[in-house]
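In case you want the letters, here they are:
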Amino acid sequence: MNKIGVHALTFIGDIENQSIEKCLSQVAKIGYDVMELPLLNPDALDTRFVSKAYEKFNIEPTVSLGLSYKTDIASEDQDRVKLGRELLFKALEKTIDVGSSNLCGVIHSALQKNDAPKTKLGYENSLSVIRDLAKKAEQNNVTLSLEVVNRYETNIMNTAEEAMDYINDLGDTNVKVHLDTYHMNIEENNYSEPIKKIGKDKLGMFHFGENHRGYLGSGHINFEETFKSLKEINYSGIITFESFSS
Ligand code: MN
């Protein structure tokens with residue numbers, strides 16, 4: 001059985017201690033196994049309190065992050081790459097401290113609209129930081145999963161095929177791919193091919209949500225094809241619901 005998770009921002013708008021605790025109690029009551037914690041402000045996260053709160057409600061934490069313009073490791077600007085590297089290593093520390101073994105999201109580049117394709121130097125900067133981060137992650141039993149997002153949010157990987165190219169370019173690491181039906185709807189031909197292209201060995205995290213991020217069942221994502229494909233590859237990892245619509 002896959003563990004079923006939910007993104008914290010489905011219920012709350014910040015990651016203050018009180019909000020997290022309230023959210024965890026609700027998530028536990030509904031019956032989820034996992035709650036994904038987005039690192040909106042890693043410095044402010046009270047990992048002592050948060051790790052205890054997760055334990056109290058018997059919920060497994062996963063951690064996610066999206067880089068910004070200022071911390072874009074896929075930039076050609078070495079200052080931004082350096083800031084991004086520092087933020088990612090801090091995020092990994094927070095992941096370890098909250099007791100999670102999963103760091104996912106748009107950690108390969110800035111989550112932003114780009115007005116140009118990726119550049120060779122920017123791409124190599126991203127690979128270099130993720131390679132170093134992966135070493136530390138592996139030593140601490142944390143799996144990094146890179147989220148494939150649509151063209152309006154990154155120019156580094158928009159499809160499963162591009163994600164596998166990136167994974168191959170990384171070389172020998174345990175870095176995995178993070179797929180999301182919202183983004184697949186925009187960029188892929190269907191839901192089965194990308195899942196099969198990544199396969200069991202490299203699929204590290206899966207987000208499901210509607211094409212408009214809203215109420216499940218009110219949109220047009222083909223969940224039957226999605227879950228059938230996850231079953232076909234024997235995906236045994238976490239499946240997390242992500243919605244930003246109250
Ligand atoms: Mn997602």
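Residues numbered from 1 in each chain as written. Predicted model: local features only at pLDDT ≥ 70, side-chain atom pairs only at ≥ 80, totals over all residues. Heavy atoms only, no water.

**Considering the packing of helix H7 (residues 192-202) against helix H8 (residues 223-232)**
Item 1. Closest axis-to-axis distance for the H7/H8 pair is 9 Å, and the angle between their directions is 20°. By the angle between their axes, H7 is roughly parallel relative to H8. Crossing geometry of H7 relative to H8 is assigned as right-handed. Where H7 abuts H8, its residues Ser192, Ile195 and Lys196 lie against Glu225, Thr226, Ser229, Leu230 and Glu232.
Item 2. When grouped by side-chain class, the residues that make up the contact of H7 with H8 number two nonpolar, three polar and three charged. (Axes fitted to C-alpha atoms, helices over the stretch in contact; angles between N-to-C directions. Helix = DSSP H or I, 4+ residues; strand = E, 2+ residues; numbered from the N terminus. Parallel < 35°, antiparallel > 145°, perpendicular 65-115°, else oblique. Left-handed = near helix turned anticlockwise from the far one by under 90°. Contact = heavy atoms within 4.5 Å. Nonpolar A, V, L, I, M, F, W, Y, C, P; charged D, E, K, R; others polar.)

**Let's talk about the coordination of the manganese ion**
Item 1. Coordination of the manganese ion by the protein involves Glu147 (OE), Asp180 (OD), His207 (ND1) and Glu242 (OE), with metal-donor separations of 2.1 to 2.2 Å.
Item 2. Between the donor residues of the manganese ion, the gaps in sequence give the motif E-x32-D-x26-H-x34-E. Of this pair, Glu147 sits in strand E5 (residues 143-147) while His207 sits in strand E7 (residues 203-208), placing them 60 residues apart in sequence. Taken as a pair, Glu147 and His207 share a single burial class, namely buried. (Donors = N, O, S within 2.8 Å, 3.2 Å for Na, K, Ca; no water. Buried < 20%, exposed > 50% of the residue type's maximum accessible area, 1.4 Å probe, protein only.)

**Here we look at the sheet that holds strand E6 (residues 176-180)**
Item 1. Read around the barrel, eight strands follow the order E1-E2-E3-E4-E5-E6-E7-E8 and close on themselves; strand pairing throughout is parallel. Going across the sheet, the axis of each strand differs from the next one's by a mean of 30°, ignoring polarity.
Item 2. Both E6 and E7 contribute to a ladder of four bridges, which runs parallel. The residue bridging His178 from the neighbouring strand is Met205, located in E7.
Item 3. Across the sheet, helix H5 (residues 160-170) is in contact with strand E4 (102-110), E5 and E6; its angle to E6 comes to roughly 165°. (Pairing = 2+ DSSP bridges.)

**Focus: the packing of helix H3 (residues 78-97) against helix H4 (residues 120-139)**
Item 1. Where H3 meets H4, the closest approach of the two axes is 10 Å, and the angle between their N-to-C directions is 20°. In terms of axis orientation, H3 runs roughly parallel to H4. Between H3 and H4 lies a crossing of right-handed hand. Residues Gln78, Val81, Arg85, Leu88, Phe89, Leu92 and Glu93 of H3 touch H4, and the partners they reach there are Asn125, Ser128, Val129, Ile130, Asp132, Leu133, Lys136 and Ala137.

**Concerning the side chain of Asp180**
Item 1. Mapped onto the fold, Asp180 is located in strand E6.
Item 2. Assessed through its relative accessible area of 0%, Asp180 is described here as buried.
Item 3. A polar atom in the side chain of Asp180 sits 2.8 Å from the backbone nitrogen of Tyr182.
Item 4. One polar contact links Asp180 to Arg213, side chain to side chain, over a distance of 3.5 Å.
Item 5. Residues within four places of Asp180 in sequence aside, it is in contact with Glu147, His207, Arg213 and Glu242. (Polar contact = N/O pair within 3.5 Å; in protein donor to acceptor, adjacent residues only side chain to side chain.)

Note that every value here comes from positions in space, so none of it alone points to a role or purpose.
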